[in-house]
Amino acid sequence: MDLPIYLDYQATTPVDPRVLEAMLPYFSERFGNAASRSHAFGWTGEEAVDRARKQIASLIGASPKEIVFTSGSTEAINLAIKGVAEMYASKGKHIVTSQAEHKAVLDTCKHLEKQGFEVTYLAPSPTGRVSVESVAAALREDTCLVALIWANNEIGTLNPIREIGELCHERGVLLFTDATQAAGKVEVDVARDGVDLLCLSAHKLYGPKGIGCLYVRRRNPRVRLVAQMDGGGHERGMRSGTLNVPGIVGLGEACALSQRELEADRVHTGALRDRFEGRIFAALDHVHLNGDPEHRLPNCSNLSFNFVEGESLIMGVNDVAVSSGSACTSASLEPSHVLRACGVGDDLAHSSIRFGFGRFTTEEEVDHAADEVIAAVKRLRELSPLYEMVQEGIDPGAIDWSGNH
Amino acid sequence: MAYSDKVLDHYNNPRNVGSLDKGKETVGTGVVGAPECGDVMKLQIEVDGDRIVDAKFKTFGCGSAIASSSLATEWIKGKTVDEALSINNTEIVEELSLPPVKIHCSVLAEDAIKSAINDYKAKQQVDSPEEAST
């Protein structure tokens, strides 16, 4: 077993060796520009891009012509939300999203608010789900777009996208979903699920960084976008710029593998996650699961270890690479906006850690990681004045801390 | 984020972890911070005459908060109450090479020392009514 153990698969994934192998020729002998129509170098590139388009479309139930390549999900999110907003502004300038979205969605919406758009930020349930009823209640005559994440990147909660898709189609409103964490992990079918726009990113599903795509529906309804990048008119005018052929080949191969191995990956990561959580809950009290126990990604576990601060816990588990739900590791001292939106108290948000499991995680790694987490939590609780209070029968939550700042 | 060797040392081998009997009249207890802010420090001193003969701490917080309070107990042990009161948070920042985002940890440690001393002093006034009334 190599150390440290990587349990941060929601942040990024290693490139699958089969994906890398497919990509390599496109850096060297097959280097052609896919837009070169006049020679074989270009044709080879174009063929590779066409094949990748089919592989990606197949994973999400789309047609290859509906795939627009981008540099990743952040760009695809910007293109989807700004592109739709600008194109349909005459229909209405209202957007519905949620408080638990990724920052790429929230910051794009804030940008549009400055341009005169109105945005409704729905509150999710305590487990992080946005209900179809809350979306229905928020829709207005002038709503041009609903933008909701499929699987939350911090807590793994799955939104009821199919129900929301049905609702949006009934009401004639476009639905964009950020499927960065969901694609390749759970079944995604844009036709069945009534999704009009969807983004995904290669590096979250064992492909390379720097490549992703936006699915843009072509019929029932045909979605139109205002391009955010002008240039040579690539990608049917929606996203100019020379195509990243090796990256696209990698994204395509990663999608094909994820489609073929979706069930195996789900069983594998789900079993590891359950094994990990089983060990943790058996050994420690005062541990809370953040997110939805039923509707969640198979490979994500977000836990709050009460009375232990998240950053100190990460420091204590040297052999395990994980992320903290408390943003203390960045310049900001604010706890996670997702946990806050779920109504998780700031004390528990400061104690949260996200564990992500993947295709290459082993049982041995999970056991080692769980043991190390358990030991660190026990040690830090010995250091914790809050845990001491609880042992003495005092509830730290019942104390007025306001005088202690 | 890279931690300084001194922060890592205090985090891995914290000094003076534990609790003193807070009911004892020679013991002063300071609790500062709040769970919602991600930091709570409890620092206790035992005073003999005007000298701090023992100090203990428990901290809920990041590695820098744990190191700041561990260092604080190490520094005040053996000092007089007045000497302990003169410890400034900037000395803790310097000793532990804390980055700007972690300066609040040192402020909290200074507050914890002062709060423990205030508690001790308040106890002396209550416990010695004759002295207080003269």
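Residues numbered from 1 in each chain as written. Chains lettered and ligands numbered in written order. Predicted model: local features only at pLDDT ≥ 70, side-chain atom pairs only at ≥ 80, totals over all residues. Heavy atoms only, no water.

## Considering the overall build of chain A
Looking only at helices and strands, one finds 14 helices and 13 strands in chain A. Taking 2.2 N^0.38 as the reference for a compact globule, 405 residues should give roughly 22 Å; the C-alpha atoms of chain A span a radius of gyration of 22 Å, in line with that estimate. Across its three principal axes, chain A shows a C-alpha extent of roughly 80 × 55 × 35 Å. Of all 405 residues assigned to chain A, the portion counted as buried reaches 58%. Counting contacts in chain A only where the partners sit at least 6 residues apart, residues at least 24 apart contribute 73% of the total. A total accessible area of about 15,900 Å² is found for chain A, and carbon and sulfur atoms account for 51% of it. Of the charged side chains in chain A, 40 are positive and 55 negative; the average position of the first set lies 9 Å away from that of the second. (Helix = DSSP H or I, 4+ residues; strand = E, 2+ residues; numbered from the N terminus. Rg over C-alpha atoms; globule rule 2.2 N^0.38 Å. Buried < 20%, exposed > 50% of the residue type's maximum accessible area, 1.4 Å probe, protein only. Contact = heavy atoms within 4.5 Å. Areas by Shrake-Rupley, 256 points an atom, 1.4 Å probe, with all protein chains shown as cover. Lys, Arg positive; Asp, Glu negative; His and termini not counted. Charge placed at Lys NZ, Arg CZ, Asp CG, Glu CD.)

## Remarks on the pattern of salt bridges
For the coordinates displayed, the defined rule picks out 35 salt bridges over all chains. Across the pair Glu46 of chain A and Arg37 of chain A runs a salt bridge, and its minimum N-O distance is 3.7 Å. Glu392 of chain A serves as the salt-bridge partner of Lys22 of chain B, at 3.7 Å between the closest nitrogen and oxygen. Of this pair, Lys22 of chain B sits in the loop between α1 (5–12) and β1 (27–34) while Glu392 of chain A sits in the segment after α14 (385–391), which puts the two residues in different chains. A single network of salt bridges, built from pairs that share partners, joins Asp16, Arg18, Glu261, Asp265 and Arg359 of chain A. (Salt bridge = Lys/Arg side-chain N within 4 Å of Asp/Glu carboxyl O.)

## Focus: helix α6 (residues 161–171) of chain A
All names here are of chain A. Within α6, burial applies to Ile161, Ile164, Gly165, Leu167 and Cys168. Projected down its long axis, α6 carries its buried residues within an arc of 165°, all on one side. Lining the buried residues of α6 we find α5 (132–138), β5 (143–149), β6 (174–178) and α7 (190–193). Positive phi appears at Gly172, one or two residues downstream of α6, with a value of about 70°. (Arc of directions from axis to C-beta.)

## Focus: the packing of helix α9 (residues 262–283) of chain A against helix α13 (residues 363–382) of chain A
Residue and element names in this part refer to chain A. Two elements in contact, α9 and α13, have axes whose closest approach is 9 Å; the angle formed by their N-to-C orientations is 25°. With respect to α13, the element α9 is oriented roughly parallel. Crossing hand, α9 versus α13: right-handed. Taking contact as the criterion, the partners of Leu272, Arg275, Phe276, Arg279, Ile280 and Ala283 in α9 are, on α13, Glu363, Val366, Asp367, Ala369, Ala370, Asp371, Val373, Ile374 and Lys378. When grouped by side-chain class, the residues that make up the contact of α9 with α13 number nine nonpolar, no polar and six charged. (Axes fitted to C-alpha atoms, helices over the stretch in contact; angles between N-to-C directions. Parallel < 35°, antiparallel > 145°, perpendicular 65-115°, else oblique. Left-handed = near helix turned anticlockwise from the far one by under 90°. Nonpolar A, V, L, I, M, F, W, Y, C, P; charged D, E, K, R; others polar.)

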